[in-house]
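# Coordinate inspection notes
These are the residues of each chain, in order.
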Amino acid sequence: MLTLDFHPAGRHFLHIPGPSPVPDRILRAISHPTIDHRGPEFGALGLQVLDGLKHVFRTQHPVVIYPASGTGAWEAALVNTLGPGDAVLMYETGHFASLWKRLAERLGLRPEFLGLPGIDGWRRGVDATMIEDRLHADRERRIRAVCVVHNETSTGATSDIAAVRRAIDREGHPALLMVDTISGLASAEYRHDEWGVDVTVAGSQKGLMLPPGISFNAVSPRALEAAKTATLPRAYWDWADILPMNRNGYWPYTPNTNLLYGLHEALDMLMHEGLDHVLARHQRLAAACRSAVRGWGLEIQCVDPAAYSPVLTGVMMPEGVDADVVRALIYDHFDLSLGTGLGKVKGRMFRIGHLGDCNDLMLMAALCGCEMGLRMAGVNLQGSGVEQALHHLSSHPLESARTA
Ligand SMILES: *Cc1c(COP(=O)(O)O)cnc(C)c1O
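Residues numbered from 1 in each chain as written. Predicted model: local features only at pLDDT ≥ 70, side-chain atom pairs only at ≥ 80, totals over all residues. Heavy atoms only, no water.

### Comments concerning the nonpolar core
- Residues I65, Y66, M178, F216 and L263 are the most contacted members of the largest nonpolar core, which totals 68 residues.
- At eight residues, the largest contribution of residues to this core is made by helix α9 (residues 257–273).
- What I65 contacts, discounting residues up to four positions off in sequence, is V49, L50, L53, I214, S215, F216, W251, Y253, L260 and L263.
- Counting residues in hydrophobic clusters, the runner-up holds 33 residues, among them A288, A292, M364 and A389. (Core = buried A, V, L, I, M, F, W, Y, C linked by side-chain atoms within 4.5 Å. Buried < 20%, exposed > 50% of the residue type's maximum accessible area, 1.4 Å probe, protein only. Helix = DSSP H or I, 4+ residues; strand = E, 2+ residues; numbered from the N terminus. Contact = heavy atoms within 4.5 Å.)

The following block contains the structure:
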C-alpha cells in the first residue's frame, strides 16, 4: 500500500521552488485523451505551442521542446554545440551551477569554475567582471562557451545576464553564451534575443506551472551554426533531427502529448494575465516574503539586493538550528512543503518558493506555516514576519489582472 493513500484534510501547500503548484485548468487540459501524434490535430497543437513559447523566451528564433526534465535540456545545450575536450567557462552560483558543471565533465568537456570561495558565491549572482577578466586572459580563444545560471534555485539569487553578454562582447570573445533559466522562465524577467543568449535552457515545472517532464532549448542562429560542426556524440538530443520536423508541428519521436496540452493551457494563462503582470506579481510576492524574513529577524540568504530572486527566498537559520528539522516539523504539522538546503548550505537554510500559480493568500498561508513552525521549533524570532508581509502586501497593491 502506497503511503500516498493517506491524504490530510485540505489543500497541500507546495512552496518548494519547483515543482510549483499546477493550476486545475492545466490539470484538466492534461487529462484530455491522448491523440495520434502524426495526425492533423496534433500538428496544429505543436505549431501553436512552439510559436507561443517564443513570446515567453522573448525570441524570434526556434525553441526546442524535449520530453525530459531540465537536466536533459542542459545536456542537449552542450552536446549540440561543443566537442570533446572543449574548454567551458562556468560560474559557481550554487548547487545547480555545480550540477551543470558535473554534467559537462561527464560529457568529456573541460569546465573551469569561476566564483567566490566557500558559501560567499552562494549568496549572490554572477560577477561579470570575473568572467571578463578570464576571457581577457584567454588569448588563444580556447574557451568555447560561457555557462551561467540565471535564477539559482538553491540560493535565491539571480544573475545579470545582459552584463555577462556585455563582458563577452567587450572582449570580442567568440564563446557561446549558454544560460540555465530553468526556474526563471515566466517568473523572472528574461530576454533571450535582447541579451544575446545563444542557448537558453528551461523547464516545465517551475514558472510555467506544469508538472515535471518537458524542457526547452531556445537556440540562436550562432548556436545553430556551431551545431553544424560540433562533434560531441549526440542522437536523441540532436536539434538537426527535431527542428525540420517542428516546422510542421511534429517531432521525430513520440512527444509528450498530454504535457503539450498543458503547455498550451499555460501559455494561454500567461498571455491572458500578461507577461509583465506575471513578472510584477512575482516581484511583489518576493518582496513581501523578504519583509517576513526580516520581521522574524532572520537572514535572507542572498546578500545582494540587486540579485534578490522573484522566484524563491532562501532563509538562513541561526547558528545551532538545523533547517531540515524545522522544515520537517512544518511539513508534519501544516502540510506545507518548503525547499531543503542543497549542497554547501544543507541544514543551514530552507527555501520558500513563491513562483508560478501563486497569489497573496497562498503566500500568506505559507508564511503563517513558517512562523508557526519556527516558533514551535523554538527559534528565537525578533517579531512577526507575517505581520510585516501583510503590511507589505496591503501597502503595495498590484493592479488586478482582471481589470488591467
Ligand atoms: C530545477 C532546476 C534544474 C534541474 O531540473 P530538473 O528538471 O530537475 O532536471 C536545473 N537548474 C535549475 C536552476 C533548476 O531550478
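### Observations concerning the site of the ligand
- Lining the immediate environment of the ligand, one finds 13 residues, of which S69, T71, T153, D180 and K206 sit closest.
- At 2.6 Å, a side-chain N or O of T71 approaches an oxygen atom of the ligand.
- The contact in question runs from an oxygen atom of the ligand to an N or O atom on the side chain of Q205, over 2.7 Å.
- In the complex, 88% of the free accessible area of the ligand, which totals 380 Å², lies under the protein chains.
- When residues in the shell around the ligand are grouped by element, the largest group, three residues, is from helix α3 (residues 70–79).
- Across the shell around the ligand, the residue classes break down as four nonpolar, seven polar and two charged. (Near = heavy atom within 4 Å. Polar contact = N/O pair within 3.5 Å; in protein donor to acceptor, adjacent residues only side chain to side chain. Areas by Shrake-Rupley, 256 points an atom, 1.4 Å probe, with all protein chains shown as cover. Nonpolar A, V, L, I, M, F, W, Y, C, P; charged D, E, K, R; others polar.)

### Here we look at the environment of A186
- Looking at where A186 falls in the secondary structure, it is placed in the loop between β8 (176–180) and β9 (199–203).
- Remark: the alpha-carbon pair of A186 and L279, spanning 93 residues in sequence, is separated by 7.1 Å.
- Not counting residues within four places of it along the chain, the set of residues in contact with A186 comprises V56, G207, L208, L270, V278, L279 and H282.

### Notes on the UniProt feature "binding site: substrate" (unreviewed entry) in the protein chain
- As recorded in UniProt, the sites labelled "binding site: substrate" (unreviewed entry) are R351.
- Looking at where R351 falls in the secondary structure, it is placed in strand β14 (residues 349–353).
- In this structure R351 touches H15, P17, T153, S154, L312, T313, G314, L338, G339, T340 and L342, once residues within four positions along its chain are discounted.
- A distance of 2.7 Å separates a polar side-chain atom of R351 from the backbone oxygen of T153. (UniProt positions renumbered as here; feature names shortened; annotations may be inferred.)

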